[in-house]
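Coordinate inspection notes
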6 protein chains.
Amino acid sequence: MRPSRRQPDELRAISLDRAVVKYAEGSCFVKFGDTHVLVTATLEERLPPWLKGQGRGWVTAEYGMLPRATLERTRREASSGRQGGRTLEIQRLIGRSLRSVTDLIALGERQITVDCDVIQADGGTRTAAITGAWVALHDCLTWMRTRDMLKSDPLRDHVAAVSCGISKGAPLLDLDYPEDSEAETDGNFVMTGSGRLVEVQATAEKTPFTEEELIALIALARKGIAKLVDLQKLAVM
Amino acid sequence: MRPSRRQPDELRAISLDRAVVKYAEGSCFVKFGDTHVLVTATLEERLPPWLKGQGRGWVTAEYGMLPRATLERTRREASSGRQGGRTLEIQRLIGRSLRSVTDLIALGERQITVDCDVIQADGGTRTAAITGAWVALHDCLTWMRTRDMLKSDPLRDHVAAVSCGISKGAPLLDLDYPEDSEAETDGNFVMTGSGRLVEVQATAEKTPFTEEELIALIALARKGIAKLVDLQKLAVM
Amino acid sequence: MRPSRRQPDELRAISLDRAVVKYAEGSCFVKFGDTHVLVTATLEERLPPWLKGQGRGWVTAEYGMLPRATLERTRREASSGRQGGRTLEIQRLIGRSLRSVTDLIALGERQITVDCDVIQADGGTRTAAITGAWVALHDCLTWMRTRDMLKSDPLRDHVAAVSCGISKGAPLLDLDYPEDSEAETDGNFVMTGSGRLVEVQATAEKTPFTEEELIALIALARKGIAKLVDLQKLAVM
Amino acid sequence: MRPSRRQPDELRAISLDRAVVKYAEGSCFVKFGDTHVLVTATLEERLPPWLKGQGRGWVTAEYGMLPRATLERTRREASSGRQGGRTLEIQRLIGRSLRSVTDLIALGERQITVDCDVIQADGGTRTAAITGAWVALHDCLTWMRTRDMLKSDPLRDHVAAVSCGISKGAPLLDLDYPEDSEAETDGNFVMTGSGRLVEVQATAEKTPFTEEELIALIALARKGIAKLVDLQKLAVM
Amino acid sequence: MRPSRRQPDELRAISLDRAVVKYAEGSCFVKFGDTHVLVTATLEERLPPWLKGQGRGWVTAEYGMLPRATLERTRREASSGRQGGRTLEIQRLIGRSLRSVTDLIALGERQITVDCDVIQADGGTRTAAITGAWVALHDCLTWMRTRDMLKSDPLRDHVAAVSCGISKGAPLLDLDYPEDSEAETDGNFVMTGSGRLVEVQATAEKTPFTEEELIALIALARKGIAKLVDLQKLAVM
Amino acid sequence: MRPSRRQPDELRAISLDRAVVKYAEGSCFVKFGDTHVLVTATLEERLPPWLKGQGRGWVTAEYGMLPRATLERTRREASSGRQGGRTLEIQRLIGRSLRSVTDLIALGERQITVDCDVIQADGGTRTAAITGAWVALHDCLTWMRTRDMLKSDPLRDHVAAVSCGISKGAPLLDLDYPEDSEAETDGNFVMTGSGRLVEVQATAEKTPFTEEELIALIALARKGIAKLVDLQKLAVM
């Protein structure tokens, strides 16, 4: 039995609330159980220098965590003067995930910046962020379409993410923080609505794992992500 | 008539929600109209080096703003690598305000860090932060009392804050962002529950002001702060 | 009796020496007793990016303190890699104070940077800096007028500043460092030559204060600033 | 046909030279074709603060690239003042990979820091680094054993890594830079000598991939890593 | 004829004023013509970590320049967030020069920090700084002796410095800024009171120079430094 | 007898290998005994802003040291977030040395950046770097000539460098690290192929030295540099 009394293949309670802040072109407050992330999508008529004049846009992400999102207070990165490796790694992952389902040419020469700020962290902040970011991106694109800024829809598919891990030999879906700290192996899986893989990151700090275990984790993730995609569909309906 | 259709001496809709995050010893989500600030209070059994061994505790504050709390996206301070002057100035003000009503000896050799993170900004973020911070601090101290960590109550009084300004010659209470940008003079006023002054900061970038105008602003602030203190009392009842 | 044997409403010995460095367009070495600040005004034919093309100029300030301006050596901010909150707060105050008496349109699309470097600190460095900065700014504008760079005089009034505080219940003018450390309440007051208020910053870290006390401090400040403005007039005569 | 005329399942020319610098306790100059990485292992009798007193040691890694390791000169991170996200991500991966085959209790309360500096980069620098790092770590542990510093061997297995990708629909082993830029999907695979998985990181920025494709990449990686482990065995023989 | 109408072997007007700031244990305001440097010496009962417990003290220096010490305003290093290479190079030179005449064992386990801040720069700031720093160090040691903190005198000799250069083929002593910018070769020479060399730094960015020219520069420097040492003796008499 | 059994005027074993990395326009792996430096020269069609439009190019250098180039591991400057004073000082010296033999007008409006990265350090890294940098610069210019990018040869002469020091009263050529730590006086000497001086930097932290000693060191350096220039000629033949 999991500490949370969930079934091995059971997601935490998920919610995806839209339009939660006043100014952003798209926003989503996503909850995966006690993990709460506020996502905003900002449209800007500018591009990173290396992308100018190519007829393509860009989608990028930034990630942060409020100091007391965690059990013990974490030092504010603005005050320490640098974003840590974990932050940079996560925001790169979110950006890549969103770009995998976005037609950057259809977007035109503009940038959408997706900010994912963790209000409360109980494991799986990056997967919650990706899942909510798709909703915020969707709404930002809708905002653009309403203003006749797009000729065709740049959003080619859904994208969502979930973590899975092996704990005491058993594969578990959507780890919370206590499960995550205990897991022998854990992975983050990003998939599209059509079930294709965007990112697979599986790590074994304690015990190396087998290919069979990886395949089991992918199967579990596929199940969870299908559910998350359904919830995204409901959310933007 | 104010753009918001408020009376000159009318506060925005205020709310003070407690216990809004899971891990913090005290927390408050404070709204002054469209200005929304999440405040957490963290208790730590450590002190800044210069305060060690004096039999006194410390209360300090940090302030941040999510990138899309504002009309246009603001660069993340963690990414630019330093906290700006405005941030540092505000967090010093919040810390001083809280210490003015805290008995640091009664607190004992511990530090309470109050984090104020602006989720949405429509003027008056620092005054909303101070008003909500008192609630979070109060709850953190209650948390300690429940655990028999305090001999006497370190909280000597309420403290709350409001901005006032002179716009087209008229003194107005609790400026929202459009009013704030228009005001000839504006000030932030911090007062205790007993009506004494903790901080007065009045500034005229456009036109220098008279002492009479300052006194009118203080009278307005006093009225607003009395109301805010009543709301704090209701909130922690 | 004050430690310095001054009357409660007595300024320290003030001097305002002009043209103290060779290269600056305007400069002033200002002494408020043992507080010594070197102020230079630099004219540059450039503007911050956000101000370009608006037909207006800018006046800004930077503040620094030599490491051994203080009783104990203070770490050099260039070596610690960032300007502290106090430095940023003070330089913002100096800039606002000077802009309150400057017609930025008459200045034209140029920037004047006023550098205030504290050579010796005995309390009231920011008020001495503002008082001397007016002289340096005045001389910089004279330098421009001599070269036919100005159609009309951008300087609309004098601006000067003084600190006041309440120590053992008594209001005192122009606190030196020992008085400043003892004061229950202290404030910095910036006023124009015509006696209007530009900035009021009053703070009580120890005991909150009353409105009557604030009014008494303002009265005292008004008296001191009138004297400082007379000294500015003598200095630039 | 690959641009390099290699078979799809053919590694580049690999070499693992040991003891290439004078001072390090272990070192390896690893070549994967034109990708050249210098790895050193440094033993230090100290630990990160959070690990002290737990009877365990630590293995960590740092990664850097010489400015002209690349086709165009890259800015030196020491001069830009921060390590980029890619650098931090890679050095965390190398550290985790090494720790997955190290018994940290057998190591004792010491830290081994593995520095991986890329002298020349033609794709796959992180996989070359991991493969060479194992050799440097091995030699560092031998150095310790020779000095009777270890009771049992902390090295539980080999660990090596290789990249694989899908290019024009075909799975390819050990991508060089031109292949890497073209690939629709690419992944980095870290495995032990016994063929278990330590890390799987597969990414599709262009087109999401299928589970079958991932399995094909793993099979290819397994083949390559087996060969790399053989070469490690030869190298340390 | 030099632009300044000085003879080739003529120093600028030199002055060395002592006890110019209130708090420092030693201080000197040194002028080499229009180059003005404020030097303070601070005694602290602490040591850099790597020197602890060796029965020896340390003398170190920091160097800074006020923004408008120069013809055009220079950006404040505290605001740019790092000390430039020139600053670091100069402060290392000043520290070495002072240590060459100080008996660090006689000083005891304490640190003297010499701060050299350039108020006005017209060439030769580092040589003026060294020459004035000796006076500040001398007075700091006198301050210690008066308080019975020293058993023997740590100051073994004078140390002073001057720049020399070759301009249009002619060797010139104590270059001012216009001469310095024109010189084909220039050098900074640090010598003791007994005429021995502490540092020789001669550089040719335009035309490489001959050994004979170097010897001529040293002869000129020797003459100037002998005069500077006489002035130091007069100053501390 | 020197610890290395060399004669007082004997260089260490020197080697200058060219074209050691694939991408750089010029490169050299230089060994002075156990001091090994990898030098690359990068041609870029851009200039520092202050040099634009003057019809001249620029040659600059950067210097770094791998963490385990030294006996004990040195902290990576990319990780500490700033280049130290020693690094900045050395890279400025290398740049000046190369520019002293380069006709910047003949180079045209381009920049050559010479990166010197120390792989292994046993004293004299800056002199080895300068000596190898000439070879890399030479080859970069040859690369340009082959592509008809130059009308005339910008390289006016050889430049090479060596350290000399006085140890136990005896002048020694090309100090290795143990000798360098023992020396009373040491200097770095940069000379051209025609025997003229480019830089002389002689320092006495322990005992000030005499002019005669300096002249002896120069004589020794001249001998060594003549040999180094011969080796450069052989290398590029």
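Report on the accompanying structure.

About the thresholds
Residues numbered from 1 in each chain as written. Chains lettered and ligands numbered in written order. Predicted model: local features only at pLDDT ≥ 70, side-chain atom pairs only at ≥ 80, totals over all residues. Heavy atoms only, no water. Least-squares fit on C-alpha atoms with pLDDT ≥ 70 in both. Contact = heavy atoms within 4.5 Å. Buried area = accessible area lost by both parts, 1.4 Å probe. Salt bridge = Lys/Arg side-chain N within 4 Å of Asp/Glu carboxyl O. Polar contact = N/O pair within 3.5 Å; in protein donor to acceptor, adjacent residues only side chain to side chain. Helix = DSSP H or I, 4+ residues; strand = E, 2+ residues; numbered from the N terminus. Nonpolar A, V, L, I, M, F, W, Y, C, P; charged D, E, K, R; others polar. Patch = residues over 30% accessible without salt bridge, like charges linked within 9 Å, V, L, I, M, F, W, Y side chains within 5 Å. Areas by Shrake-Rupley, 256 points an atom, 1.4 Å probe, with all protein chains shown as cover. Lys, Arg positive; Asp, Glu negative; His and termini not counted. Charge placed at Lys NZ, Arg CZ, Asp CG, Glu CD. Buried < 20%, exposed > 50% of the residue type's maximum accessible area, 1.4 Å probe, protein only. Phe/Tyr/Trp six-rings, centres within 6.5 Å; stacked < 30°, edge-to-face > 60°. Lys NZ or Arg CZ within 6 Å of the ring centre and 35° of its normal.

**A word on the relation of the copies chain D and chain A**
- The two copies are related by a screw motion: chain D maps onto chain A through a turn of 180° and a shift of 0.0 Å along the axis, at an RMSD of 0.0 Å. Look at the turn and shift together and you get a two-fold axis relating the two. Scanning chain D for the C-alpha nearest the rotation axis identifies Q201(D), at a separation of 2.2 Å.
- The residues that chain D uses at the interface reappear at the interface of chain A in 100% of cases, marking a shared surface.

**Brief notes about the interface of chain B and chain A**
- With 37 residues of chain B at the contact, the number on the chain A side is 37 residues.
- Across the interface of chain B and chain A, roughly 2900 Å² is buried in total on both sides, 50% from carbon and sulfur atoms.
- Of all residues in chain B, Y23(B), R68(B) and R73(B) give up the largest surface area on contact with chain A, accounting jointly for 28% of the area buried on that side.
- At the surface where chain B touches chain A, the tally comes to 14 salt bridges.
- With a closest N to O distance of 2.7 Å, K22(B) and D34(A) form a salt bridge.
- On the surface where chain B and chain A come into contact, there are 22 residue pairs in polar contact (both at pLDDT 80 or more).
- With 6 residues, strand β5 (residues 111–120) of chain B is the largest single contributor of residues to the side of chain B that touches chain A.
- Residues of the side of chain B that touches chain A, tallied by class, amount to 15 nonpolar, 9 polar and 13 charged.

**With respect to unusual backbone geometry**
- The phi dihedral of K168(D) is positive, around 45°, even though this residue is not glycine.
- Along the chain, K168(D) falls in the loop between β6 (159–167) and β7 (170–173).
- The phi angle at D148(F) is positive, at roughly 55°, despite the residue not being glycine.
- The topology assignment puts D148(F) in the loop between α4 (125–146) and β6 (159–167).

**Quick word on a positive patch on the surface**
- Taken together, R75(A), R82(B), R82(C) and R75(E) make up a surface patch of like positive charges.
- For R75(A), the position within the fold is in the loop between β4 (58–65) and α1 (77–80).
- When its relative accessible area of 56% is taken as the criterion, R75(A) is described as exposed.

**What about the relation of the copies chain B and chain A?**
- After a rotation of 180° and a shift along the axis of 0.0 Å, chain B superposes on chain A with an RMSD of 0.0 Å.
- Comparing interface residues between copies, 100% of those in chain B also sit at the interface in chain A, which points to an isologous, same-surface contact.

**Side note on the packing of aromatic side chains**
- Inspection of every chain in the model, using the stated rule, returns 6 aromatic pairs over all chains.
- Ring centres 4.9 Å apart and planes at 85° place the aromatic pair W50(A) and W58(A) in the edge-to-face group.
- For W58(A), a relative accessible area of 13% gives the class buried.
- For R147(C), the ring lying beneath its charged end belongs to W143(C), and the centroid distance is 3.8 Å.

**Some thoughts on the pattern of salt bridges**
- According to the stated counting rule, one finds 126 salt bridges over all chains in the structure shown.
- R6(A) serves as the salt-bridge partner of D176(A), at 3.7 Å between the closest nitrogen and oxygen. Linking D176(A) in the loop between β7 (170–173) and α5 (177–182) with R6(A) in the segment before β1 (14–18), this pair joins segments that are 170 residues apart in sequence. Of the two residues, D176(A) and R6(A), neither departs from the other in class, the shared state being buried.
- A salt bridge links R46(B) to E44(B), with the shortest nitrogen-to-oxygen separation between them at 3.4 Å.
- Judged by its relative accessible area of 45%, R46(B) is partly exposed.
- Relative accessible area serves as the criterion here: at 15%, E44(B) is assigned to the buried category.

**Here we look at the environment of M144(D)**
All names here are of chain D.
- Inspection of the secondary structure puts M144 in helix α4 (residues 125–146).
- Its relative accessible area of 0% is what places M144 among the buried residues.
- Setting aside anything within four residues of it in sequence, one finds M144 in contact with L43, L107, R110, I112, M149 and L150.

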